[in-house]
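# Coordinate inspection notes
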Amino acid sequence: MDDREANIDLLFRKGLKDYEVLPPAEVWDKISPAIRKQQRPYIILRAAAMIAVLATLSFLTYTWENELSDSVASTVDLQNNMTGTPEIETSDALFLADAGNIKVKKPHKSITIINPDITIAETVGKDSEVILSNILKAGILPESETVINRPYLILPVTSASKSLSIDYYPAPYINEITATEKKEKWTIAALVSPTYLSSFSSGNNEAVSQLNQIEQPVISYAGGFALAYKVSKRFSVQSGLYYASYGNELTGITSFGGFQNYDQFKGNSNFEVQTSNGTVYTNNNVYLIDNLSDTRVASFFDKSSFDPTKASLEYLNNSLRQNLGYLELPLILRYKVIDRTFDFNIIGGLSSNLLVNNSVYASVDGEKYEVGKTEGLNTILFSSSLGMGMEYSITNNLSFNFEPTFRYYLNSFNNFAGMSSLHPYSFGVFSGLSYKF
Amino acid sequence: MTEIKDIINGCLKGNRRDQELLYRRHAAKLYAVCLQYSGNDEEARDILQEGFIKIFGNLVHYKHEGSFEGWVRRIMVNTALEKYRSKHLLHRVDDIDQIPEPDAEPDNEDYAGLQAVDLMGIIRELPPKYRMVFNLFAIEGYSHKEISKMMNISEGTSKSNLSRARVILQRRVGSFTGLRKQLSNG
């Protein structure tokens, strides 16, 4: 019975061993978009998240600024006073009323005149040294338009509800305002920063998150120059060029040099090391042993077939350093929240990062012993950044800058299918000098 | 011919051409596996589709140690098994008695003339749970202990399902070859 049973098994096993049937063409048409989708949602979601964060922050700071100016604004009801031909007294009344309510500390204020069905050629507020001119009849100016006219003037906003808003700057601030408006549109800065790159993992890709746990990010550096153009009083657009280097310590991998003599395959890559940034292919002169995991290092050579302690190999180090260098081209928006001797800015933007340095080495007495390269890296990365910029004016044109910045990478360093569960980010504190011209 | 390692690396980088190349290279063989594990073509196509999506999604875990063909086949068999489990979860009660005992042992064991396409036809006619156990045991080489865990059945059920499957297959093979002899004689 057993023999006969085995025979029927064998008949089917052998008979079907090489059997092939071409599947219908539409199967691939369904698979193809599905595997493309596996990576896309992450990128779209991350970009959307970053845009949402930036938009929210911009909105909040904008609202905050408006509240600051609104808190000192006063509304003067001149409905009764301002009918008929305006006299200089009318203006005085305006400013008398104003003077009682406004403390002239903030440079920017506004008042609203209800029912401004009047034409005032020119009025002068003597007491508060504010000069208004060209107050126009309601309905002439489009709503919300504010014009700074002459050294000190300010102009009005009208609306259908027959109220006239006048923004004005009291005299003591006028020179300051006009001075900053006229000059110094450009700023150039040189900045350096220590950087720390890491990533958090989402999903349940165990292999990748395990690698991520074994590896130790090391503090590296970034530096470069930035060029900013002032678009408005508070907004600047900034670009520049930075070089950013990121280090990753592959702990627990012991390396030996001088393996070339024992390498009977004479291949270019004897060892492959799985890292969270991709696979490292070694050159043919090193021998590696992984002390922490038995799945990270793959090779023809293992401890059973080759004993490095018996061969005359040179011990290098017990960990490897993976180094990646990127040239960063940012496009950044700066929003000035506080405009004083000590400025405070919110900085956010997007960058493209070009891979320019890719090396893996072992440190031997401070020297670098080249071990190999990481393969399959994306040559271009896109990152979003968010930071605070503090600026202390040393002179009128020269400032000291201090900018803690958080970067979040929109795509992963490597396109491996499992890597989409890793979300790299970096943190740096940029400091340097900037010059306005 | 491009090395499979290069194709895999290409796929990992998201290269469309390599993805399609990998599919074309393995689709026919794996589709045969799907047909072998399923009762109808639509189900086979679904298994193939889901299996390939898993293959692409798990390429990063492939260590280049065993044969790639064996690795993709295992994924496909597992996908077929998952499909079977999801479909037959509610019918776990053994319906072994519904299969009639053969009247006699088939006496004709001259199977040599059977083509792969005939064998495939015969295997696909088996009731699903017999087909699953027979495939896992006789074709893939799993033990009854392993099969019992994979299918969530007892080892005893696995053994009896296997012997039922064998009986049915022998009878079908016998009648198939008998029929053909009759045709050639007649």
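Remember, predicted model here, so these are calculated numbers, not experimental data.

### Overview of the environment of B:Met76
All names here are of chain B.
- Within the secondary structure, Met76 is located in helix H4 (residues 68-88).
- A residue is classified by how many C-beta atoms lie within 10 Å of it, and Met76, with 26 of them, is buried.
- With 43 residues separating them in the primary sequence, Met76 and Val33 have C-alpha atoms 7.5 Å apart.
- Excluding its chain neighbours within four sequence positions, the residues that come into contact with Met76 are Leu30, Val33, Cys34, Ile47 and Gly51.

### Observations regarding the pairing of strand S9 (residues 220-230) of chain A
Residues and elements named next belong to chain A.
- Burial along S9 is one-sided: the face carrying Ser220, Ala222, Gly224, Ala226, Ala228 and Lys230 is buried and the face carrying Tyr221, Gly223, Phe225, Leu227 and Tyr229 is not.
- Where S9 meets strand S10 (residues 235-257), nine bridges bridge the pair, whose relative direction is antiparallel. By the bridge assignment for S10, Tyr229 is matched with Val237.
- As consecutive antiparallel partners, S9 and S10 are separated by four residues.

### What about the interface of chain A and chain B?
- With 29 residues of chain A at the interface, the matching set in chain B holds 36 residues.
- With eight residues, helix H1 (residues 2-17) of chain A is the largest single contributor of residues to the side of chain A that touches chain B.
- Of the residues belonging to the side of chain A that touches chain B, the class tally is 18 nonpolar, six polar and five charged.

### A look at the environment of A:Gly278
- Here A:Gly278 shows up in strand S12 (residues 278-282).
- You can call A:Gly278 buried: it has 26 C-beta atoms within 10 Å.

### Digging into the environment of A:Val280
Residue and element names in this part refer to chain A.
- By secondary structure assignment, the location of Val280 is in strand S12.
- Look at Val280 and you get buried, because 26 C-beta atoms sit within 10 Å.
- Sequence separation between Val280 and Lys373 is 93 residues; the distance between their C-alpha atoms is 5.4 Å.
- Residues within four places of Val280 in sequence aside, it is in contact with Glu272, Val273, Thr275, Gln322, Val360, Gly372, Lys373 and Thr374.

What counts, and where the lines are drawn
- Position numbers for residues start from 1 in each chain and track the written sequence from start to end.
- Lettering of chains starts at A and numbering of ligands starts at 1, both following the order in which they are written.
- Where local features are concerned, this predicted model is filtered to residues with pLDDT of at least 70; where side-chain atom pairs are given and counted, the filter is 80 or more; whole-chain, interface and lining totals use all residues.
- Numbering goes from the N terminus for both helices and strands, where a helix is a DSSP run of H or I of at least four residues and a strand is a run of E of at least two.
- Partly exposed residues are those whose C-beta has more than 12 but fewer than 20 other C-beta atoms within 10 Å; 20 or more makes a residue buried and 12 or fewer makes it exposed, with C-beta atoms placed from the backbone.
- Working definition of a contact: two residues with C-beta atoms, positioned from the backbone, lying within 7 Å.
- By definition, two strands form a pair when at least two bridges between them are found by DSSP.
- Residue polarity follows a fixed list, in which Ala, Val, Leu, Ile, Met, Phe, Trp, Tyr, Cys and Pro are nonpolar, Asp, Glu, Lys and Arg are charged, and the others, Gly among them, are polar.

Shape is all these values report; function is a separate question.
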